Amino acid sequence: MTTAATLLAAEGSSPIMPHAYELVVGGFAFLVVFLVVGKILTPRIQKTLAERTEAIEGGIKKAEDLQAEAQRTLADYRAQLAEARQEAARLREEAREQGAQIKAELREEAQAEARRLVEAAHAQIEADRQQALAQLQSEIGRLSTDLAGRIVGESLEDEARQRRIIDRFLDEIEARPEAVR
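Here the structure is a predicted model, which means the values were calculated and not measured.

Asks: So what exactly am I meant to see when it comes to the overall build of the protein chain here?
Replies: A tally of helices and strands in the protein chain yields three helices and zero strands. If you list the helices and strands of the protein chain from N to C, you get α-α-α. Every one of the 181 residues in the protein chain was classed for burial, and the buried ones make up 5%. Only carbon and sulfur atoms are counted for the fraction: they give 60% of the accessible area of the protein chain, which is about 15,800 Å².

Here's what the structure looks like:
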């Protein structure tokens, strides 16, 4: 046998069973460690774990609140964007309407100005025609007086007589249907 086995056999103890004093010392050491861990370390560990849990849960809650705020801000932004688009469409439509109205007003003013110019031109033409007619009548009267004076052989310088002859001559010309006006 070996020396270890001889020693064990001499003492009369089993290698599996420890001595009683080892059990007492081991039990006392276990109780000390158990009390230190149970009374001192466990509350500190639990306190640290609770703080970390609160911090994590607080961070999660804060993140959820921030995400909800971001969603509200995004919804507000989208609403403002939609409102701005509607406002821009309304402004474009108003500008189109104002442009059409200004265009119609300008067209109407241009047509009124054209009518005024045409009427003024017609009035000027009528005035020129009347003036030309008066000059023509005067010239015809003078020529007819000269001709009548030559035919009659006497001077028709008397203005009243001359006027009567001219008027009678012009009346006769106007009375004829083939007379050109």
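Asks: Looking at this structure, how should I read the packing of aromatic side chains?
Replies: To describe a pair of aromatic rings, you give the distance between the ring centres and the angle between the ring planes. Counted by the stated rule, this structure contains one aromatic pair. Seen from their ring centres, F30 and F34 are 6.0 Å apart, and the 20 degrees between their planes marks the pair as stacked. Residue F30 and its partner F34 are both found in helix 2 (residues 20–152); the two are separated by four residues, about one turn of the helix. The exposure class of F34 is exposed, given its relative accessible area of 52%.

Asks: What am I meant to see in a nonpolar patch on the surface here?
Replies: On the surface, F28, V32, V33, V36, V37, I40, L41, I45 and L49 cluster together into a nonpolar patch covering about 780 Å² of accessible area. Along the chain, L41 turns up in helix 2. Assessed through its relative accessible area of 39%, L41 is described here as partly exposed.

The rules we used
Residues numbered from 1 in each chain as written. Predicted model: local features only at pLDDT ≥ 70, side-chain atom pairs only at ≥ 80, totals over all residues. Heavy atoms only, no water. Helix = DSSP H or I, 4+ residues; strand = E, 2+ residues; numbered from the N terminus. Buried < 20%, exposed > 50% of the residue type's maximum accessible area, 1.4 Å probe, protein only. Areas by Shrake-Rupley, 256 points an atom, 1.4 Å probe, with all protein chains shown as cover. Phe/Tyr/Trp six-rings, centres within 6.5 Å; stacked < 30°, edge-to-face > 60°. Patch = residues over 30% accessible without salt bridge, like charges linked within 9 Å, V, L, I, M, F, W, Y side chains within 5 Å. Salt bridge = Lys/Arg side-chain N within 4 Å of Asp/Glu carboxyl O.

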